[in-house]
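# Summary of structural features
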Amino acid sequence: MNINELTIKQAYDGLKKGDFSSVELTKACLARIKKRNKDINAFITVTEDLALEEAQIADEMIANKKQKMLTGIPFSVKDAIDVADVRSTASAKILDNYVPSFDATVISNIRKQGAVLVGKTNCDAFGHGASNENSMYGPVRNPYDLDRVAGGSSGGSAASVADHMCIFSIGEDTGGSIRQPASLCGIAGLRPSYGRNSRYGIMPMASSLDTVGPMAKTVEDIAILEEVMAGRDEKDATTVDNEVPEYSKQLTANSKQKLKIGIPKEYFDLEGMDEETKTIVENKINEIAKLPNCQIVEVSLPYTKYAIPVYYIVVPSEDSSNLGRIDGVRYGVQAQADNLYDVYARSRAQGLPEEVKRRIMIGTYALSAGYYDAYYRKAQKVRTLIRQDFERVFEEVDLLITPTSPFPAFKIGEKKDDVLAMYLADVFVAPASVAGLPAVSVPVGNTKSGLPVGLQIIGKRLDEEHVLQLGHTIERL
Ligand code: GLN
């Protein structure tokens, strides 16, 4: 096994014992990036010099007995998340030259531990998409099959971890962008509860749904990362004060505790669902049912079917407002024109991809006088019903299990021109997003042609603890 293939836990132990240094580990990741990135296109920017500098500092920390869990461990960050003095494009040409002057709070929490940044990863522009084909820097290719998508929008993050170009990554999830690419690339990814992690420094998409979370090879690593990322931040008023549990210690702490797990039937009889995916997830559920502490019951979430229509009204509406600031005037690439209006119009026309423009137009329409009640207000009302669906089943069960994606990685180009088919990729991940709930995707097997399949665990608000516990149990089965 090469050292770049280790998990966080294994790398921590190896660094501690002196089996290898952070400089060696970082060089192994950088070598892998050099070899594979031209095919996979996971990175937009590789921070080689910075990484080697940070690795050296980490080695000093370790030598001085100041090692923390993430000290010396190479990681990547989705390009829609700000990192000080490193180009952060959000995969849109309008920010091609944007270099933030500060770290997002979650990134600063991670870097304070001495983790080593190896680069910024490709994504769908400003997080809009489920295949990474909406990046203006080209699609990300799936490490399991280079003709297929890595998922999206955090596809570069998922591929960079799955292909061992780094040990973990930080992604953003508004409507599945951590869980779906994690599932398609065979890694684990957590969308935390809304309000659990600070979004300060995350480029906003839809503010009432945006979250930032960890992507890694195991749920155990996810727990380690979430512990470092979570918590109240003065700079994000939506973050909650609740104490952050020691997720990694809790993974096995209450292993005898009885868990009642609901299987929402609506997530298994979807038209167009891939049969192999369904079977792999169902087989795993049967294994879980045999565990002495797990009880499986069927439940119903009848409003789930409205999650996609609700999501695709609320998100574009918030988008159209949030993305107003990306105008080519205060920062980013500015098009030349004779008057101010044309500067805005041309900068946005040239600097944003089709899908982002589509969302801005749909959202502007849904919010305009005369349509607001029919679309935006109606969507918000149905959103409440979806949330109440979850509240009702969570009176009966502790957790829910569903597939993460209705199908494994699809071919590049297969859905690109069929907007509605692409939106359906989010059918199982959008509901938890709309309701603000935590959810993790855990790899549970591969199709006959070798494509990874993920299972999603959804929990009660702020109950990342049980979500991660069950995820860890499943990965050890
Ligand atoms: N597929 C979703 C969308 O396009 C994912 C968005 C996200 O989570 N950033 O909106």
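What comes next is a walk through the structure. If you're wondering where the values come from, they're calculated on a predicted model, not measured in any experiment. Along each chain, residues carry numbers from 1 onward, in the same order as the chain's sequence is written. Reporting in this predicted model follows two pLDDT cut-offs: at least 70 for local features of residues, and 80 or more for side-chain atom pairs to be given and counted; totals over whole chains, interfaces and linings ignore these cut-offs and use all residues. The basis for every side-chain value is the complete set of heavy atoms in the structure, and neither hydrogens nor water enter the calculation.

The next point concerns the overall build of the protein. Across its full length, the protein holds 16 helices and 13 strands. Overall size of the protein, expressed as C-alpha extent along the three principal axes, is 65 × 55 × 45 Å. Within the span of the protein, comprising 477 residues, buried residues form 61% of the whole. The contact rule is simple, with two residues in contact once any of their heavy atoms fall within 4.5 Å. Pairs at least 24 residues apart make up 75% of the contacts formed inside the protein by residues separated by at least 6 positions. Accessible areas in this description were obtained via Shrake-Rupley with a 1.4 Å probe; residue shielding takes into account the shown protein chains only. With the model as given, the accessible surface of the protein reaches about 18300 Å², and the carbon-plus-sulfur share is 49%. By the counting rule applied here, Lys and Arg register as positive and Asp and Glu as negative, while His and the ends of each chain are not counted. To locate a charge, the coordinates of NZ of Lys, CZ of Arg, CG of Asp or CD of Glu are taken. Here the protein carries 56 positive and 64 negative side-chain charges, and the mean point of each set is 1 Å from the other. Helix and strand definitions here come from DSSP, where helices need a minimum of 4 consecutive H or I residues and strands a minimum of 2 consecutive E residues; each element is numbered from the N-terminal end. Only protein chains enter the accessibility calculation, which uses a 1.4 Å probe. A residue is then buried if its area is under 20% of the maximum for its type, exposed if over 50%, and partly exposed in between.

The subject of this paragraph is the packing of aromatic side chains. Under the pairing criterion, centres of Phe, Tyr and Trp rings, with the six-membered ring standing for Trp, must be within 6.5 Å; the plane angle then separates stacked pairs below 30 degrees from edge-to-face pairs above 60, leaving the rest tilted. A complete count under the given rule lists 13 aromatic pairs for this structure. Where Tyr312 meets Tyr423, the ring centres are 3.7 Å apart and the plane angle is 10°; that geometry is what we call stacked. With a gap of 111 residues between them, Tyr312 in helix 10 (residues 307–322) and Tyr423 in helix 14 (residues 419–424) connect regions that are remote in the sequence. Neither Tyr312 nor Tyr423 differs from the other in exposure class; each is buried. An aromatic cluster of at least three residues, connected via ring pairs, comprises Tyr311, Tyr312 and Tyr423. Here, over-ring charges are defined by two tests on the NZ atom of lysine or the CZ atom of arginine: distance to the ring centre within 6 Å, and angle to the ring normal within 35 degrees. The side chain of Lys415 reaches across the aromatic face of Phe407, ending 4.2 Å from its centre. Positioned above the aromatic ring of Phe410 is the side chain of Lys415, whose terminal nitrogen or guanidinium carbon lies 5.1 Å from the ring centre.

Here we take up the site of the ligand. The ligand sits among 16 residues. The nearest are Thr174, Gly175, Ser177, Tyr311 and Arg359. Here an oxygen atom of the ligand and a backbone polar atom of Gly129 are 2.8 Å apart. Considering the ligand on its own, with 300 Å² of exposed area, one finds that the protein chains cover 99% of that surface. Looking at the shell around the ligand, the elements with two or more residues in it are strand 6 (168–173) and helix 10. Looking at the shell around the ligand residue by residue, the class counts come to 4 nonpolar, 8 polar and 4 charged. The cutoff for a nearby residue is simple: one of its non-hydrogen atoms must lie within 4 Å of the molecule or strand. Contacts described as polar in this section are N or O atom pairs within 3.5 Å, which, within protein, must combine one atom able to donate a hydrogen with one able to accept it, while residues neighboring in sequence count only if both atoms come from side chains. As a working rule, the residues Ala, Val, Leu, Ile, Met, Phe, Trp, Tyr, Cys and Pro are called nonpolar, Asp, Glu, Lys and Arg charged, and the rest polar, with Gly in that last group.

Of note, the amide linkage connecting Gly152 to Ser153 takes the cis form, showing an omega dihedral of 5°. Looking at the secondary structure, you find Ser153 in the loop between strand 5 (145–149) and helix 5 (155–162). For Asn41, which is not a glycine, the phi torsion comes out positive at approximately 65°. In this structure, Asn41 sits in the loop between helix 2 (22–40) and strand 1 (43–46). Of note in the backbone geometry, Phe126 takes a positive phi value of approximately 50° without being a glycine. Among the secondary structure elements, Phe126 is positioned in the loop between strand 3 (116–121) and strand 4 (141–142). A relative accessible area of 3% places Phe126 in the buried class.

Fitting a line to C-alpha atoms yields each axis, with helices limited to the stretch in contact; the angle taken between N-to-C directions then spans 0 to 180 degrees. Viewed as axis vectors pointing N to C, helix 10 and helix 12 (residues 354–367) meet at an angle of 100°, and their least axial separation amounts to 7 Å. Viewed along their axes, helix 10 and helix 12 adopt a mutual orientation that is roughly perpendicular. Between helix 10, through Tyr312, Ile313, Val315, Pro316, Ser317, Asp319 and Ser320, and helix 12, the contact on the second element is made entirely by Arg359, Ile360, Ile362, Gly363, Thr364, Ala366 and Leu367. Class assignment of the residues belonging to the contact of helix 10 with helix 12 gives a composition of 8 nonpolar, 4 polar and 2 charged. Working definition: roughly parallel below 35 degrees, roughly antiparallel above 145 degrees, roughly perpendicular at 65 to 115 degrees, and oblique for all remaining angles.

On to the side chain of Ser76. In this fold, Ser76 is placed in strand 2 (residues 74–78). When its relative accessible area of 0% is taken as the criterion, Ser76 is described as buried. When sequence neighbours within four positions are dropped, the list of residues in contact with Ser76 reads Phe43, Val118, Gly119, Thr121, Ser157, Ser160, Cys166, Phe168, Ser169 and Ile170.

Turning our eyes to something else, we now look at the state of the cysteines. Disulfide: a pair of cysteine sulfur atoms within 2.5 Å of each other. Summed over the entire model, instances satisfying the criterion amount to 0 disulfides. Looking at Cys123, it has no disulfide partner, and the nearest cysteine sulfur is the one in Cys185, 14 Å off. Residue Cys185 stays outside any disulfide, its sulfur separated by 12 Å from that of Cys166, the closest cysteine.

Another point: the pairing of strand 13 (residues 452–459). Among the 8 residues of strand 13, 8 are classified as buried, and the element is accordingly described as predominantly covered. Burial along strand 13 is two-sided: Pro452, Gly454, Gln456 and Ile458 facing one way and Val453, Leu455, Ile457 and Gly459 facing the other are all buried. Pairing of strand 11 (residues 399–403) with strand 13 involves 5 bridges; the strand directions are antiparallel. For Thr402, the partnering residue across the bridge sits in strand 13 and is Gln456. Being paired, for any two strands, means DSSP has found at least two bridges between them. Where strand 12 (residues 439–446) lies against strand 13, 7 bridges are found, and the strand directions are antiparallel. Its bridge partner being in strand 13, Asn446 is matched across the sheet by Pro452. Between strand 12 and strand 13, which pair antiparallel in sequence order, lie 5 residues; one of them, Gly450, sits at a positive phi of approximately 90°.

All right, on to the pattern of salt bridges then. Salt bridge, as applied in this entry: a Lys or Arg side-chain nitrogen positioned within 4 Å of an Asp or Glu carboxyl oxygen. Counted by the stated rule, this structure contains 22 salt bridges. Close ionic contact of Asp19 with Lys17 constitutes a salt bridge, the shortest N to O distance being 3.9 Å. Given the relative accessible area of 52%, Asp19 is considered exposed. Residues joined in a network through salt bridges with shared partners are Arg32, Arg36 and Asp163.

A few words on the nonpolar core. Side-chain atoms within 4.5 Å link the members of a nonpolar core, which is a set of buried Ala, Val, Leu, Ile, Met, Phe, Trp, Tyr and Cys residues. Residues Phe168, Phe390, Ile401 and Ile457 are the most contacted members of the largest nonpolar core, which totals 94 residues. Considering each element in turn, this core owes the most residues, 8 residues, to helix 10. Residues in contact with Phe168, not counting those within four places in the same chain, are Ile8, Leu70, Ile73, Pro74, Phe75, Ser76, Ile110, Ala115, Val161, Met215, Ala216 and Leu225. Grouped together as the second largest cluster of nonpolar side chains are 23 residues, Ala51, Val116, Ala158 and Ile187 included.

Before going further, it helps to examine a nonpolar patch on the surface. Excluding any residue in a salt bridge, patches collect residues exceeding 30% relative accessible area, merging like charges within 9 Å and nonpolar Val, Leu, Ile, Met, Phe, Trp and Tyr side chains within 5 Å. A contiguous nonpolar patch, built from Tyr303, Tyr306 and Leu385 and spanning about 240 Å² of accessible area, is present on the exposed surface. Within the secondary structure layout, Leu385 lies in helix 13 (residues 373–393). The exposure class assigned to Leu385 is partly exposed, which follows from its relative accessible area of 31%.

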